[in-house]
Amino acid sequence: MTSSKELIAQDSWHQRSELDDMADLSPELEKEMERLDKEFWISGEKLKKIVTRFRDELEEGLQENGTNIPMNVTWVHRLPTGKEKGTILTLDLGGTNLRVCKVTLHGDSTDLKDPSQKYTLDQEQYKLPGSIKTATAEELWTYIAEKLSDFIDQKLGGEYNDTNKLPLGFTFSYPATQERIDHAILQTWTKGFDIEGVEGQDAAAQLREKIEERKLPLELICVINDTVGAMVASAYNDHDTIIGGIFGTGCNAAYMSSVPSIKKLDPNDARLKDSDGHKSGQMAINCEYGAFDNAHRVLPLTKYDAQIDEKSPRPGEQAFEKFSAGLYLGEIFRLVLVELTDKGLIFKNAQSDKLRKSYTLDTGFLSQMEDDESRGFADTRRLFKDVLGLEVTDEEIELSRRLAELIAVRGARLCACGVAAICLKEGIEKGHVAADGSVANKHPKFKKRWAKALGEILDWEEKGLQEDPIIITSAEDGSGVGCAIIAAMELEWRAKPTKACASRVSI
Ligand code: BGC
């Protein structure tokens, strides 16, 4: 039976939307919009059901290996104190760019001109060739080693050599099994990557081999996930950080778990024991919750989601990510426009070949539309012209704006579910979620929508809270600074004369 609350929540789009009507839709299009609204709107009650299942899957991932959400252990044992220092080279293999960065951490140095500036960066960004996503392992690592080599030649002079190597941290933001911090067996490619010869292999070893082959003066210290980097970089400055979340091309989050609650860890692993031989301490968990609900038990699947999944390089994987992450929002929008065009309801006078091309529209397209405050939506008109070669009518603009809102609202509300599930599971009631990624930082309304949904799930209004206790903040540079801090913490630990157990270092 549907509760009265559910009925209120299911009120029509007209009551929920923040948009002012700019044009009327034809009765046929209005009907289509009503249908789409029903398909894309996720009520507060439904969000709660999703979160219940989410918590179960997170918990299962801590219990044993091979579960749907892998809950990867990262061997990052603590958040930084803010005093960490050092010079580290970091490498970030993102979805569209490769970034190499020389990071100097100043920690709590008092001799800085600006004491709030805790680090300095010297970086270079290289646009990944379009073909790299479907290249081979050999091509990938050769390309990366070439860029590392260029950076060293151009920026480091002759400072580092075989006997004085620069520590390297690698942000590799894909699900990986880590037996130690400088090891990462790729479980599966995500975000549309499909490079042959890396899945099931240690990405760290493959990179190290290329570094050695080229005789680069680098020592790989750690491989990290972008979520862990965001959490650590933010905690360097902000001690209220509880979670690192990426809401960008992909979606995922990391948090600090107590070691005893990670049941799947080997009870005999000496690295996890205190001096009395008990499991103790903390461990950053990279949830990899983009895989949530791969079995499609709770997420309300639309035919557009199903089409995206079918055509992806890994059907059946990353179900949650395909509903909510930046890589897919523009594509969902495009698929609906194609359907309405085929029904003869829009773009009646001009066809666009570009509209027929998968992934022509990215989330930036939706962000720009939602951000458009220009007179008569001149910016949106220009966008359609520039990207799709289409002159759009007022009705088409009205429809597109509504549709962009429906899709982005669904994405933001779903993104709140992952964080809510972690907070409920861990009993976290307040703190900062350090968020990074193009959706979090570039979509004008994401954070507000995300916060509203989180409040609905966690009943903040019912509890009479005056202020949101869990706040989304903009993460510091996780893949650069966060990665460097983790490398610095690892080096600090390795240098300690008395270690609880020697086996924690790389083998
Ligand atoms: C990857 C994660 C990553 C996330 C955000 C997902 O596709 O599997 O490792 O954290 O994207 O970049």
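What counts, and where the lines are drawn
- Residues numbered from 1 in each chain as written.
- Predicted model: local features only at pLDDT ≥ 70, side-chain atom pairs only at ≥ 80, totals over all residues.
- Heavy atoms only, no water.
- Helix = DSSP H or I, 4+ residues; strand = E, 2+ residues; numbered from the N terminus.
- Rg over C-alpha atoms; globule rule 2.2 N^0.38 Å.
- Buried < 20%, exposed > 50% of the residue type's maximum accessible area, 1.4 Å probe, protein only.
- Contact = heavy atoms within 4.5 Å.
- Areas by Shrake-Rupley, 256 points an atom, 1.4 Å probe, with all protein chains shown as cover.
- Lys, Arg positive; Asp, Glu negative; His and termini not counted.
- Charge placed at Lys NZ, Arg CZ, Asp CG, Glu CD.
- Near = heavy atom within 4 Å.
- Polar contact = N/O pair within 3.5 Å; in protein donor to acceptor, adjacent residues only side chain to side chain.
- Nonpolar A, V, L, I, M, F, W, Y, C, P; charged D, E, K, R; others polar.
- Core = buried A, V, L, I, M, F, W, Y, C linked by side-chain atoms within 4.5 Å.
- Expected span 1.5 Å × (residues − 1).
- Pairing = 2+ DSSP bridges.
- Axes fitted to C-alpha atoms, helices over the stretch in contact; angles between N-to-C directions.
- Parallel < 35°, antiparallel > 145°, perpendicular 65-115°, else oblique.
- Left-handed = near helix turned anticlockwise from the far one by under 90°.
- pLDDT = per-residue confidence, 0-100.

Named according to an unreviewed UniProt entry, the protein chain is Phosphotransferase originating from Bimuria novae-zelandiae CBS 107.79.

(A) Focus on the overall build of the protein chain. If you tally the helices and strands in the protein chain, you get 16 helices and 13 strands. Against the 2.2 N^0.38 benchmark of 23 Å for 507 residues, the protein chain shows a C-alpha radius of gyration of 24 Å, consistent with a compact globule. Sorting the 507 residues of the protein chain into buried and exposed places 56% on the buried side. Taking all contacts inside the protein chain whose residues are at least 6 apart in sequence as the whole, residues at least 24 apart take part in 73%. For the protein chain, the exposed surface amounts to about 22000 Å²; the carbon and sulfur share of it is 48%. Considering the protein chain, the positive charge centre built from 65 side chains and the negative charge centre built from 86 side chains are found 1 Å apart.

(B) Seen up close, the site of the ligand. Inspection of the region around the ligand gives 15 residues, with Thr190, Lys191, Asn225, Asp226 and Glu288 positioned closest. Taking Asn225, its side chain carries an N or O atom lying 2.7 Å from an oxygen atom of the ligand. A distance of 2.9 Å separates an oxygen atom of the ligand from a polar atom in the side chain of Glu321. In the complex, 98% of the free accessible area of the ligand, which totals 310 Å², lies under the protein chains. The residue makeup of the shell around the ligand, split by class, is 4 nonpolar, 7 polar and 4 charged.

(C) Highlighting the environment of Lys38. Its place among the elements puts Lys38 in helix 3 (residues 27-40). Put simply, Lys38 and Trp13 are 25 residues apart on the chain and 8.6 Å apart in space, counted from C-alpha to C-alpha.

(D) Highlighting the nonpolar core. Core analysis: the biggest nonpolar cluster contains 120 residues, and Phe54, Phe247, Tyr289, Phe333 and Trp450 have the highest contact counts within it. Here the element with the most residues in this core is helix 13 (residues 394-426); it accounts for 16 residues. For Tyr289, the residues in contact, after removing those within four places along its chain, are Phe54, Leu58, Ile69, Phe247, Cys251, Asn252, Ala253, Phe320, Cys415, Gly418, Val419 and Ile422. Formed by 38 residues, the second largest nonpolar core is a distinct cluster that contains Tyr143, Phe151, Ile195 and Ile211.

(E) Representation of helix 4 (residues 44-63) in the model. Along its 20 residues, helix 4 runs 29 Å from first to last C-alpha, staying within 8% of the 28 Å computed at 1.5 Å per residue. All of the buried residues along helix 4 are Gly44, Leu47, Ile50, Val51, Arg53, Phe54, Glu57, Leu58, Gly61 and Leu62.

(F) Broad picture of the sheet that holds strand 10 (residues 251-258). If you walk across this open sheet you meet the 6 strands as 1-11-10-9-12-13, and the pairing is mixed. Across the chains shown, the open sheet's two edge strands, defined by having one partner strand only, are strand 1 (72-73) and strand 13 (470-474). Across 2 bridges, strand 1 lies against strand 11 (residues 282-286) in antiparallel orientation. The partner of Asn72 across the bridge, within strand 11, is Asn286. Across the face of the sheet, helix 15 (residues 446-457) comes into contact with strand 9 (241-247), strand 12 (431-436) and strand 13 while running at roughly 160° to strand 13.

(G) Quick peek at the packing of helix 4 against helix 13. Axis separation between helix 4 and helix 13 bottoms out at 8 Å; the angle between their running directions is 55°. Here helix 4 is positioned oblique relative to helix 13, judged by the angle of their axes. Regarding helix 4 and helix 13, the two cross each other, and that crossing is right-handed. Across from Gly44, Leu47, Ile50, Val51, Phe54, Arg55, Leu58, Glu59 and Leu62 in helix 4, the residues of helix 13 making contact are Arg413, Leu414, Cys417, Gly418, Ala420, Ala421, Ile422, Leu424 and Lys425. Partitioned by chemical class, the residues of the contact of helix 4 with helix 13 number 12 nonpolar, 2 polar and 4 charged.

(H) Main features of the confidence of the model for the protein chain. Confidence in the prediction for the protein chain averages 93 pLDDT; 95% of positions are at 70 or higher. Taken together, the stretch residues 1-9 has pLDDT below 50 and engages in 12 contacts with residues farther than four places along the chain or on a different chain. The model gives residues 501-507 a pLDDT under 50, and that stretch makes 17 contacts with residues more than four places away or in other chains.

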